[in-house]
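Chain by chain, the residues run as shown.
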Amino acid sequence: MTDALIENIARVRARISAAEKLSDRTIGIVQLIAVSKTRSANEISNAYSAGLRDFGENYLQEALQKQAQLQGLPITWHFIGPIQSNKTAAIAEHFDWVHSVDRIKVARRLGEQRVGHEPLNICIQVNISNEQSKSGVPLTDVPALAREIVDLPGLKLRGLMAIPAPGQADAQLYAAFARLEATRLELNKSGFALDTLSMGMSNDLECAISAGATMVRIGTAIFGPREPGPG
């Protein structure tokens, strides 16, 4: 384990705590997920030794290889990348959370392939900035998709996930994050019990926490700059 990794994790935790305090949030309420795509099993093991327990992966085959190498560690695995329908069985078997559900077909397959095990925690991915090239459902379609997902066997609908468009000013970012929180609250008023907002990354975690994030997904600020991963 390197001193740099330990320092990076401490720095990120301090940023989270400061943002919680500044926003009058309960200290410790925001969960840190280390985004470990393109990182080695050894790097994940070191981060685990430094106290991290939740790791997010985007690429299924890469993740499965690392999970096999790290099977002795009780890691909570989060799938946070786009989901291909033919990959749902492996995702349902090997992950604890899926943050990137944006189609009922994918949700049904995940549920069917998870039945008989502890329910798979699900977040609906929302295209909060209406980017044509980005995955996720439009904000207006979230209630309908949530109603379809909530009673599926094998799944537990926990909340919403979003990745705002890059390069926005803080005010624009906050507005986007706040729209997601407002949607979660409206869904809960209509009978849902959503407790999770997965939003915020290395460059905007403070803004996300101020708007209500309960999970932040941090890669670069923990592991340092990365090489481009597989598509």
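Up top is the structure these notes are about.
This section reports on the structure supplied with the text. Computed from a predicted structure; not experimentally measured.

Regarding the overall build of the chain
Argument step 1. Within the chain, the regular secondary structure consists of nine helices and eight strands.
Argument step 2. Radius of gyration (C-alpha) of the chain: 17 Å, near the 17 Å computed for a compact globule of 231 residues.
Argument step 3. Structurally, the chain occupies a C-alpha span of about 45 × 40 × 30 Å along its principal axes.
Argument step 4. For the chain, the residues scored as buried account for 52% of the 231 residues in total.
Argument step 5. When the accessible surface of the chain is summed, it comes to about 10,900 Å², and 50% of that surface belongs to carbon and sulfur atoms.
Argument step 6. With 24 positive and 24 negative side-chain charges, the chain shows a spacing of 2 Å between the two charge centroids.

Let's talk about helix α3 (residues 60–69)
Argument step 1. What α3 keeps buried is the set L60, E62, A63, K66 and Q67. Here the buried residues of α3 occupy an arc of 155° about the axis, which is enough to place them on one side. α3 presents Q65 and Q69 as exposed residues on the side facing more than 90 degrees away from its buried surface.
Argument step 2. In the core, the buried residues of α3 are packed alongside α2 (41–49), β2 (54–57), β3 (76–79) and α4 (88–94).

Quick notes on the pattern of salt bridges
Argument step 1. Applying the stated criterion across every chain, the model contains eight salt bridges.
Argument step 2. It is possible to trace a salt-bridge network through shared partners that takes in E57, E62 and K66.

Section: the nonpolar core
Most often, soluble globular proteins keep nonpolar side chains buried together rather than apart.
Argument step 1. Residues F55, V98, L110, I124, I149, V216 and I222 are the most contacted members of the largest nonpolar core, which totals 65 residues.
Argument step 2. With five residues, the next largest nonpolar core counts I33, W97, C123 and M161 among its residues.

Quick look at the side chain of D54
Argument step 1. Tracing the backbone through its elements, the reader meets D54 in strand β2.
Argument step 2. For D54, which is buried and forms no salt bridge, the nearest opposite charge comes from R53, at a distance of 7.7 Å.
Argument step 3. What D54 contacts, discounting residues up to four positions off in sequence, is Q31, L32, I33, A34, T76 and H78.

The rules behind these values
- Residues numbered from 1 in each chain as written.
- Predicted model: local features only at pLDDT ≥ 70, side-chain atom pairs only at ≥ 80, totals over all residues.
- Heavy atoms only, no water.
- Helix = DSSP H or I, 4+ residues; strand = E, 2+ residues; numbered from the N terminus.
- Rg over C-alpha atoms; globule rule 2.2 N^0.38 Å.
- Buried < 20%, exposed > 50% of the residue type's maximum accessible area, 1.4 Å probe, protein only.
- Areas by Shrake-Rupley, 256 points an atom, 1.4 Å probe, with all protein chains shown as cover.
- Lys, Arg positive; Asp, Glu negative; His and termini not counted.
- Charge placed at Lys NZ, Arg CZ, Asp CG, Glu CD.
- Arc of directions from axis to C-beta.
- Contact = heavy atoms within 4.5 Å.
- Salt bridge = Lys/Arg side-chain N within 4 Å of Asp/Glu carboxyl O.
- Core = buried A, V, L, I, M, F, W, Y, C linked by side-chain atoms within 4.5 Å.

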